[in-house]
Each structure stands twice: as C-alpha cells, then as structure tokens.
Amino acid sequence: MKKNNMYHIYIIVLLLLFNNASCNDSKTEDDSGEVNPPPKDYLEITLKPNNINQTIHSFGASDAWSTQFVGKNWPLNKRNQIADYLFSQEVDGAGKPKGIGLNTWRFNIGGGSTYQGNNSGIDDEWRRAESFLTITGFNSDAQQGQRWFLTAAKTRGVNEFTAFSNSPPTILTKNGKAFSSGGSSANIDESKYADYVSFLANVIENIKEKDGIEFSYISPFNEPQWDWKGGQEGSPWLNTEIAAVTRILDAKIEEKNINTKIEIAESGQLNYLYEDSNKAGRASHIEEFFNIGSPNYVGNLLNIANKICGHSYYTTYGTANLIDVREKVKNKIQQTDSSLEFWMSEYCLLEDNDEIKGSGRDLGIDPALYLARVIHTDLTVANASSWQWWLAISPYDYKDGLVYIDNNKNDGEVFDSKMLWALGNYSFFIKEGYQRIDLNRSDNQTIEQSINGLLISAYKKPDNSKYVAVFVNQRTIQIPVKIKVDGKSSFSSKLYQTSALDSDDLAPKGSISNNDLFNVPPRSILTVVIE
C-alpha cells in the first residue's frame, strides 16, 4: 500500500509540473504584437470624477471648399441630409443619432481666386474661393453657398463659429494671386496690413448683420510654415508679420466694438508649436506669441483668444512619435503659460505611411480607427480643448472628408463614412463645458502600452450628473469590460457603437447597470453614457 501511494504522489507531482509548464507556454503573441499572459475574465475601468484635466469646448469641421457649390446649387433635401449628418443633435425613433452633433463650424473667408478663373493659377475649380472684396468694392452678398451652411449649422444648434482666411484678397496681395510666388514671408506688403484687417472686420460685421451669426473667432493666418506656391489658396507668414497684423486687428476689433476674438496661429504641424525645426522665423509659436519676454508677444492683447491652435498633420506615425509630439505640446504650454489652451483646429488623413494612405476614398472602419487614435491622443496627451476636422464635405478620392459627394457642382449622391461616425462617438456625447477626467484600468496599461490596443478616455458634465467613456478597440478580439465611477454606487448606462457593420453607425446597443459586463467588439468604437 505504501509503495502504491508514493507512486500516485509521484504521478501527481509530474502532472502539476506539466500543467505549470503548459501555463507558462500559453503566453502568446496577440493581434497587437504584444506578448501577454492569459487575460482575466474582464477589464475593470474606474472613472475618477475628482481628477479633472482640460475643459472640452467643441468638436467641429470646416466648410472648405465644397459648400460653395453644394450650399448654393444642390437640391434642398440633399443639403439638409448633409447638414443633419454634420450638426444634428436629434435621435430617431430607435434612439440612433441622426448625425454627429458638431458644435463648432469653420467658415473660409475666400481670397477671390474664383473670379480669376483659369488665370488664378489654381487648376481645381473646387479649391478656388470667392471673396467679399473685388475690384469694384465690398460685395456683401458673396459666398452664398457657404452662408447657407452657416445658417443650417446655427439652426441645428451650433453656437461657435470661426472665420478663417487662407490668403488675403487677391487685390491686396503682392502678386495679385491667392497663393505665394515663393519665399517665407507673407504675400502682402506691410502697407496693406491695415486694409487686410479692415476687410476681415467688414466680413465679420456683414455676416452678423445679414445672417445673424456672430463669429466667436477670427483666424487670419493658416499654416504659415508652408510656402503656398499654388494648388490652393494660401500664404506663408513670418512670426513678426503675424504679430504685427494681430496687433492691428486687435485695435480694429476694439475700435468697432466687435465681440470676436483673434485665433492664432494654425501651425501646419504640431511640432511647430514648440520648435523651429526647419522653419526658422515661422514656428515655435507657443514661445513666440505667448512668452511675455518675446518681441512677438501678443498674449496681453484685449481681443486675443487665450489659446494656441495647431494641426495634427504629419505627426501621427509611428505611435512613439504620436505620443512624444503631443507630450511636448503640453509641456511647452505648461512652461510658457499654463492658462493657455491648446486647440487642434485642423486634421484629415493626409500622410502615407505603413498603416494608412491618404489617397483613395475609404468609407470603412480602418481609417476611422486610425482617426479615433489621433483624436484620443490629441485629447488625452496634448490636452486639446477643441478638436476639428478639415473638409466636412469632400468630392475627392481621398481620406479627407466626413461626408462624401459626387464631384458635381449641381447634384449627385451623398455618402456618409465611418470616419464621420467615429468622430461622432466623441462629438455627439461630449458637449461644451464637459471636463476630461482620469480613469484607472485594472490592467494598469500606460498610454504607451495601450496605444495599439484598447484606448479609453472619460469625460463628465461639471455637475457630475453625466459621464461619457469612449472605448477604441483596435484589436481583432472582443474585450469584456466592467465600468465603475468613484463615489457613485448605482447608475445606468447607454451604449453606442461604430464598427465595420453597415448598421453600426453610432448604433444604440441597449442599457446596462453599474454591475453589468459589456463587450467592446473587435475593431470598433464604443461610447458609454452614464447617468
């Protein structure tokens, strides 16, 4: 008997050793390329309402350039469908959002290349723009197509508008064109600065008087680092020129008692906010304009907006660079003026890299997930207070639109995209004044560890009556999650999902209570609204 018992013990020990080895061997490389131990039953997320980061003001897009034709020529029902996609804050009978509820809208004050036709030097008619200023004087009825969308946005609840200029009017520029003949300085002589400023003020007053819309911000400079030698309207600007025009514009706004604030400086890449890189005299915008010791300091002007604007182009790949650039933006602001806000005021998928190609229209989930990762890092790493897309409506075979249309000036088909609805997972639910809050995750992953996997950010209404958590699952596996809120023992949540499925465009996925598990599907974006 003793001998048999020892034998059995020996067998049991061998089996335990074998099982232990098998468990160690079960560490596998998952779809994100990371080696992870076997997962727990679920991931637990705890929202921290008392740990507040930035206040969110807005999500938006611009009217360049398609609205000039669509808003003027297209059938009314199609115009309204596009406007609903972009601005509607309503839901249908099944609880599905009709649109993505943008609450800010950018109006392009054109440079007048439209009037020059083929002599404009801009071959693509869609990229030319009208101007309020012509050789016969100020045209108060200009840009009717764009003005239709201004009104459509306001009707649907948009309350923040920015007027932005890519180029001064052609009758004021050095070369008589709406783009530069080369060089790093502005395509307008210093002697015409006052005329340019008066023109901008007149546009603001005209649209307020005729359309009942008051611009919150005026942005006189766009991506001043680029030379803008053709293809579309644009002008380079030196920092000294930006500061000089901004001071004149500040005085003009004060003189005319206009409520609009000046927005600067629309840096073409985020790194130009904190360094010169290869653009000496045209970059380091945070330091140049908001360091009190800088000769170009304008932070003390009465009508300057207390924010710095930059564009996320060409800073989104690879993921280490994506994070590093945004950390440097945040750190430079903290070092220079901690009260200064960062607004990401323009982005679309321009760059070609191993993950994404800018060319080629793609209405599917792949570019939408790439976009969601950019939004996530702009909000959670750079602390962006506003996030704004480039072309709201695109006729192009490119990843530059939210809504796509046929390349036809008078009529055509309208197509929504997964990029539209991906942005909607943020813009429809995170309203003006909401605050981004911290969260804990039971897997303890840092931003660096999670950047290619499951991204999570959280926001709250200031009175703590509502919370929003956005999950971006880039992996090819379903992830079970349980969510908690510090200080709130009982709550209910509604789920909205965007995925590759045709039916999943902010699709409502039912309600859960605080103790319920829910699944974040593979390759999807899921928003949880907690009340």
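Report on the accompanying structure. (Residues numbered from 1 in each chain as written. Predicted model: local features only at pLDDT ≥ 70, side-chain atom pairs only at ≥ 80, totals over all residues. Heavy atoms only, no water.)

**A short note on the overall build of the protein chain**
- For the protein chain, the helix and strand inventory stands at twelve helices and 23 strands.
- In terms of overall dimensions, the protein chain is globule-like: its C-alpha atoms have a radius of gyration of 26 Å, near the 24 Å expected for 531 residues.
- Each principal axis of the C-alpha atoms in the protein chain carries an extent, and together these give about 115 × 55 × 45 Å.
- Within the protein chain, the fraction of its 531 residues that count as buried is 55%.
- Taking the contacts inside the protein chain whose residues are at least 6 apart along the sequence as the reference set, 74% of them involve residues at least 24 apart.
- Of the roughly 21100 Å² of accessible surface on the protein chain, 47% is carried by carbon and sulfur atoms.
- Side-chain charges in the protein chain split into 52 positive and 66 negative, and the spacing between the mean points of these groups amounts to 4 Å. (Helix = DSSP H or I, 4+ residues; strand = E, 2+ residues; numbered from the N terminus. Rg over C-alpha atoms; globule rule 2.2 N^0.38 Å. Buried < 20%, exposed > 50% of the residue type's maximum accessible area, 1.4 Å probe, protein only. Contact = heavy atoms within 4.5 Å. Areas by Shrake-Rupley, 256 points an atom, 1.4 Å probe, with all protein chains shown as cover. Lys, Arg positive; Asp, Glu negative; His and termini not counted. Charge placed at Lys NZ, Arg CZ, Asp CG, Glu CD.)

**Describing the sheet that holds strand β22 (residues 518–520)**
- The strand order across the open sheet formed by nine strands is β21-β20-β23-β18-β17-β16-β3-β19-β22, and the pairing between neighbours is mixed. Two strands lie at the open edges of the sheet, namely β21 (507–513) and β22, each paired on one side alone. Pairwise comparison of adjacent strand axes, ignoring direction, gives a mean angle of 35° for this sheet.
- Bridging between strand β16 (residues 435–441) and strand β17 (residues 454–460) involves three bridges; their strand directions are antiparallel. (Pairing = 2+ DSSP bridges. Axes fitted to C-alpha atoms, helices over the stretch in contact; angles between N-to-C directions.)

**Some remarks on the layout of surface pockets**
- Each pocket or cavity is described by its volume, and for the second largest pocket that value is around 440 Å³.
- Lining the second largest pocket are 23 residues, and of these Thr380, Arg436, Thr446, Ile447 and Ile456 lie nearest its centre.
- Contributions of two or more residues to the lining of the second largest pocket are made by α9 (319–336), α10 (365–380), β16, α12 (447–450) and β17.
- It is β16 that contributes the most residues to the lining of the second largest pocket, six residues altogether.
- Here the lining of the second largest pocket is built from residues that sort into eight nonpolar, ten polar and five charged. (1 Å grid on protein atoms, 1.4 Å probe; cavity = no way out; pocket = protein on both sides within 12 Å on 5 of 7 lines; lining within 4 Å. Points joined across faces, edges and corners; volume = space filled by probe spheres on them. Nonpolar A, V, L, I, M, F, W, Y, C, P; charged D, E, K, R; others polar.)

**Description of α9**
- In this model, α9 (18 residues) spans 26 Å end to end at C-alpha, consistent with the 26 Å of a helix rising 1.5 Å per residue.
- Inspection of α9 places Leu322, Ile323, Val325, Arg326, Val329, Lys332, Ile333 and Thr336 among the buried residues, and these make up the whole buried set.
- Structurally, α9 contributes buried residues whose contacts are with α8 (285–290), β11 (307–311), β12 (341–346), α10 and α12. (Expected span 1.5 Å × (residues − 1).)

**A few points about the packing of aromatic side chains**
- Per the counting criterion, the structure on display carries 20 aromatic pairs.
- Ring centres of phenylalanine 87 and tryptophan 105 lie 4.9 Å apart, and the angle between their planes is 85°; this geometry places the pair in the edge-to-face category. With phenylalanine 87 in helix α3 (residues 76–87) and tryptophan 105 in strand β5 (residues 104–109), this residue pair connects regions lying 18 residues apart in the sequence. By the burial criterion, phenylalanine 87 is buried, and tryptophan 105 matches it.
- Between tyrosine 347 and tryptophan 389 the ring centres are 6.2 Å apart and the planes differ by 80°, which places this aromatic pair in the edge-to-face class. Of this pair, tyrosine 347 sits in the loop between β12 and α10 while tryptophan 389 sits in strand β13 (residues 384–394), and the two are 42 residues apart along the sequence.
- Following the ring pairs from residue to residue traces out a cluster consisting of Tyr313, Tyr314, Tyr347, Trp387 and Trp389. (Phe/Tyr/Trp six-rings, centres within 6.5 Å; stacked < 30°, edge-to-face > 60°.)

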